[in-house]
Amino acid sequence: MMFSQTNRFIRGYKWKGLGVSFSIFLLFICATLGLLFSPEFLSIKNIEIILFTTATYLPVTLGTQALLILGRFDLSLGAQASLYGIIAGTSYAYTDSVAVAVIMPLVSATLLGMVCGTLIAKFRLDQLVITLAIMGIARSLALLFSDGRVVTTIPSGFDWVQKSVLSNIPDLVLIGLLTVIILDISFKNLTVFRRLYAVGGNSIAADKSGISADFIVITTYIAAAIGAVAVGLIQTGRTLSASPLIFSDLAIYAIAACLVGGGTIHGGRGSMVGGALGLLAIVSTENLILISEVPVYWRQLVIGLLLIIALTLQVKPDFITNTLKVVLFRQDRRD
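Analysis parameters
Residues numbered from 1 in each chain as written. Predicted model: local features only at pLDDT ≥ 70, side-chain atom pairs only at ≥ 80, totals over all residues. Heavy atoms only, no water. Helix = DSSP H or I, 4+ residues; strand = E, 2+ residues; numbered from the N terminus. Expected span 1.5 Å × (residues − 1). Buried < 20%, exposed > 50% of the residue type's maximum accessible area, 1.4 Å probe, protein only. Arc of directions from axis to C-beta. 1 Å grid on protein atoms, 1.4 Å probe; cavity = no way out; pocket = protein on both sides within 12 Å on 5 of 7 lines; lining within 4 Å. Points joined across faces, edges and corners; volume = space filled by probe spheres on them. Nonpolar A, V, L, I, M, F, W, Y, C, P; charged D, E, K, R; others polar. Polar contact = N/O pair within 3.5 Å; in protein donor to acceptor, adjacent residues only side chain to side chain. Contact = heavy atoms within 4.5 Å. Axes fitted to C-alpha atoms, helices over the stretch in contact; angles between N-to-C directions. Parallel < 35°, antiparallel > 145°, perpendicular 65-115°, else oblique. Left-handed = near helix turned anticlockwise from the far one by under 90°.

Participant: How would you summarise helix α6 (residues 127-146) if you had to cite specific residues and measurements?
Facilitator: Helix length check: α6, at 20 residues, gives a terminal C-alpha distance of 28 Å against a target of 28 Å (1.5 Å per residue), a fit within 8%. Within the sequence span of α6, burial applies to Gln127, Ile130, Thr131, Ile134, Ala138, Arg139, Ala142 and Ser146. Across the axial projection of α6, the buried residues extend over an arc of 165 degrees, all falling on one side. Seen from the buried face of α6, the exposed residues on the opposite side, beyond 90 degrees, are Val129 and Leu144.

Participant: Give a detailed account of the layout of surface pockets, specifying residues and quantitative values.
Facilitator: In this model, the largest pocket occupies a volume close to 700 Å³. What lines the largest pocket is a set of 33 residues, and nearest its centre among them are Pro59, Leu62, Thr179, Leu183 and Ala223. Elements represented by at least two residues in the lining of the largest pocket include exactly α3 (44-69), α7 (160-163), α8 (171-189), α9 (191-201) and α11 (213-239). Examining the composition of the lining of the largest pocket, we find that ten residues originate from one element, α11, more than from any other. Considered class by class, the residues forming the lining of the largest pocket number 23 nonpolar, eight polar and two charged.

Participant: With reference to specific residues and values, describe the side chain of Thr56.
Facilitator: As for its position among the elements, Thr56 is in helix α3. One polar contact links Thr56 to Arg238, side chain to side chain, over a distance of 3.2 Å. In this structure, Thr56 is in contact with Leu172, Val231, Ile234, Gln235 and Arg238, ignoring residues within four places of it in sequence.

Participant: If you had to explain the environment of Ala81 to someone new, which residues and values would you point to?
Facilitator: Within the fold, Ala81 resides in helix α4 (residues 77-95). As for Ala81 and Val231, which are separated by 150 residues in sequence, their C-alpha atoms are 6.0 Å apart. Leave out the neighbours within four places in its chain, and Ala81 touches Ala228, Val231, Gly232, Phe247 and Leu250.

Participant: Please give an account of the packing of α4 against α6 that cites residues and values.
Facilitator: Packing of α4 against α6 leaves a shortest axis separation of 8 Å and a crossing angle of 25 degrees. Of the possible angle classes, the one that applies to α4 and α6 is roughly parallel. As α4 runs across α6, the sense of the crossing is left-handed. From α4, Gly78, Ala79, Gln80, Ser82, Leu83, Ile86 and Ile87 reach across to α6, where they touch Ile134, Met135, Ala138, Arg139, Leu141, Ala142, Phe145 and Ser146. Considered class by class, the residues forming the contact of α4 with α6 number ten nonpolar, four polar and one charged.

Rendered as structure tokens:
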């Protein structure tokens, strides 16, 4: 009887593209599996860990979502976050000034983002090659600045990220939530942000209508690099250390989160709420794998499968609906 009712619901439901539905579906699956096999997954402490981890990676994910709206991407953001963490950590260790520790990576990010965006927008160079080149440069600079070692000489005053708590909720989580809400409203209502959708949908038409597509692409690459600064600062504050080899998968992680949250690599679509929900779904999936004592090597496989499923749903949005129809139809016949 239950399968019969579910079958009628599925048959009557029209899967309208990927949207945020897939993210919510993944969160529901994680909660169900956690309830059945790992009850501690839904504990307050573990939920706080999931939210804090999501907030840590959120700035790069939001920057990636903005790039994907333009039909662009940046594979170097993980290496950049590592570099900016090294710059911030060493600057604070030598000057004992939070201002210097923040300004130095911000200046570096502005320059690196400008170079990356200019090469792609003005010189029309391939974004895959350029971002891979920037990734190599950033990773090498991080190794050079740190002499290939983890920087551990960061004073304890830099751990404000970990200690700052309001009403038992980490400030970082509240700041992340507020940022997502503000950006999502801005992208939906403010002309300056709506232009990204115009450029991502049809850059030639946007240029002819008076929108400077090149300028928007360059500034968005700079904004994404600044997001990498935020991630580097947060991670350095959490651990009071900075590693030149951390965040090796962050760029792919962020792209997967945005696609799971309804973004597209072709541009013109996506939302900040969708990217945030996609990231929350992926972090929850990874956390469930770890807390269930499944070998950590399954992490990359699961993220890869989610990425493939997200891309499949963009090409064939009725894939899930049709699959469920077949499964439930067989169950009905058995009943």
